[in-house]
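Descriptive analysis of the structure
The chain contents come next:
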Amino acid sequence: MINRLRSEPAARLRRRPSGSLRVSISPLPWRTGAIHVSRAALAFADVAAFALCLAWVGIDAIGGQSLWLAGAVWFVFRAIGGLYDPIELVSQDELRRAVQSTATAFGVQVGLLLLAGELGPTIQVVVWLWTSLLVVPWLVRQGTKYALILGRLYGAPVVVVGSGDTALALVDELIKNPEQGLNPVAVFAAPGTGRDGAVLG
C-alpha cells in the first residue's frame, strides 16, 4: 500500500481507494528544508563514492574523455531515475535504478574505448571500476540515509487525512519505515467524521 503513495503539492490531495484517506506533502516551513538537505546529501554521497572508486583503481589507468563522459552519464541517469529524491523510493526500485545507471555508464565507456581503439589495454581496469561503482555508492548511500534518518532530515513531512484503523495503520507504517521518506507530522479526521486532528510532532 505504501509503495503506491505518491508525493504531491499540498494543494493537490490524492484520494485513496479505501475511503477518505489522503496523503499530502505538508508545506511546513520548519521541515521543508529537509528535502533539500536529503537531496544534497545523497548527491554528495555519490560524488564521494565515485571519487573513492577512482582513487582505488587509479585514475591514470583509465583517464581521458571516455571516463568523464561515462561518469557524467552515470550521474545524469541516477538523477533522472530519482536516486537523489528521498520521497518514497523503495529499496527494490532504488537498487534496480542504481544497477541500470551503472550498467549504462559502463556500456558508454566501453563503446567509446572501442571507437578509439583503446579498449584492450584498459578493459580489466574499466571492469573493476564499474564493478566497484555497483557496491561502494550503495554502501555510502545507505550510510548517508541512516545518518539523515537519525537526524530527522530524511524525506519530507506529510499530513495524513483520514480516520479509523486505516489512517492509524498508515501512520504506524510510515513511522516504522522512515526510509520511505514520508514523515507523518499530523493526522486530521476526514471531513464529516467530527473528529479532531492529532499533531505527531
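In this report, the structure presented in the accompanying data block is examined. Please read these numbers as outputs of a predicted model, since none were measured by experiment. (Residues numbered from 1 in each chain as written. Predicted model: local features only at pLDDT ≥ 70, side-chain atom pairs only at ≥ 80, totals over all residues. Heavy atoms only, no water.)

Here we look at the overall build of the chain
Heads up, the rule is: Going along the chain from the N terminus, every DSSP run of H or I of four or more residues is numbered as a helix, and every run of E of two or more is numbered as a strand. Buried means the residue's accessible area, taken with a 1.4 Å probe over protein chains only, is under 20% of the maximum for its type, while exposed means over 50%, and partly exposed covers the values in between. Working rule for contacts: check all heavy atoms of both residues, and any pair within 4.5 Å makes them a contact. Note on areas: these come from Shrake-Rupley sampling with a 1.4 Å probe, and a residue is covered only by the protein chains present in the view.
Looking only at helices and strands, one finds 5 helices and 5 strands in the chain. In the chain, the order of α-helices and β-strands from amino to carboxyl end is β-β-α-α-α-α-β-α-β-β. Per-residue burial for the chain yields a buried fraction of 41% across its 201 residues. Contacts spanning at least 24 positions in sequence make up 73% of the contacts within the chain whose residues lie at least 6 apart. Accessible surface, the chain as shown: approximately 10,600 Å² in total, 64% of it carbon and sulfur.

Notes on the packing of aromatic side chains
Condition: Any two of the Phe, Tyr and Trp rings considered here, Trp counted by its six-membered ring, make a pair once their centres fall within 6.5 Å; the pair's planes then place it as stacked at under 30 degrees, edge-to-face at over 60, or tilted in between.
Per the stated rule, a full pass over the model turns up 5 aromatic pairs. Ring plane angle 75 degrees and centroid distance 4.9 Å describe the contact between Trp74 and Phe75, whose orientation is recorded as edge-to-face. Cluster of aromatic residues (ring-pair linked, three or more members): Phe50, Trp74, Phe75 and Trp130.

What about a nonpolar patch on the surface?
Heads up, the rule is: Like-charged residues are merged into a patch within 9 Å and nonpolar side chains (Val, Leu, Ile, Met, Phe, Trp, Tyr) within 5 Å, provided each residue has over 30% relative accessible area and no salt bridge. The term salt bridge refers to a side-chain nitrogen of Lys or Arg lying within 4 Å of a carboxyl oxygen of Asp or Glu.
A contiguous nonpolar surface patch, about 430 Å² in accessible area, is contributed by Leu95, Val99, Leu134, Val135 and Leu139. Breaking the nonpolar patch down by element, the ones donating at least two residues are α3 (91–116) and α4 (119–150). Of the residues forming the nonpolar patch, the biggest block, 3 residues, is contributed by α4. Assignment of secondary structure puts Val135 in helix α4.

Concerning the environment of Trp138
As for its placement among the helices and strands, Trp138 is situated in helix α4. Classification of Trp138 as partly exposed rests on a relative accessible area of 25%. Each C-alpha atom of the pair Trp138 and Ala49 lies 8.6 Å from the other, and the pair is 89 residues apart in sequence. Dropping the residues within four chain positions of it, Trp138 is found in contact with Ser91, Glu94 and Leu95.

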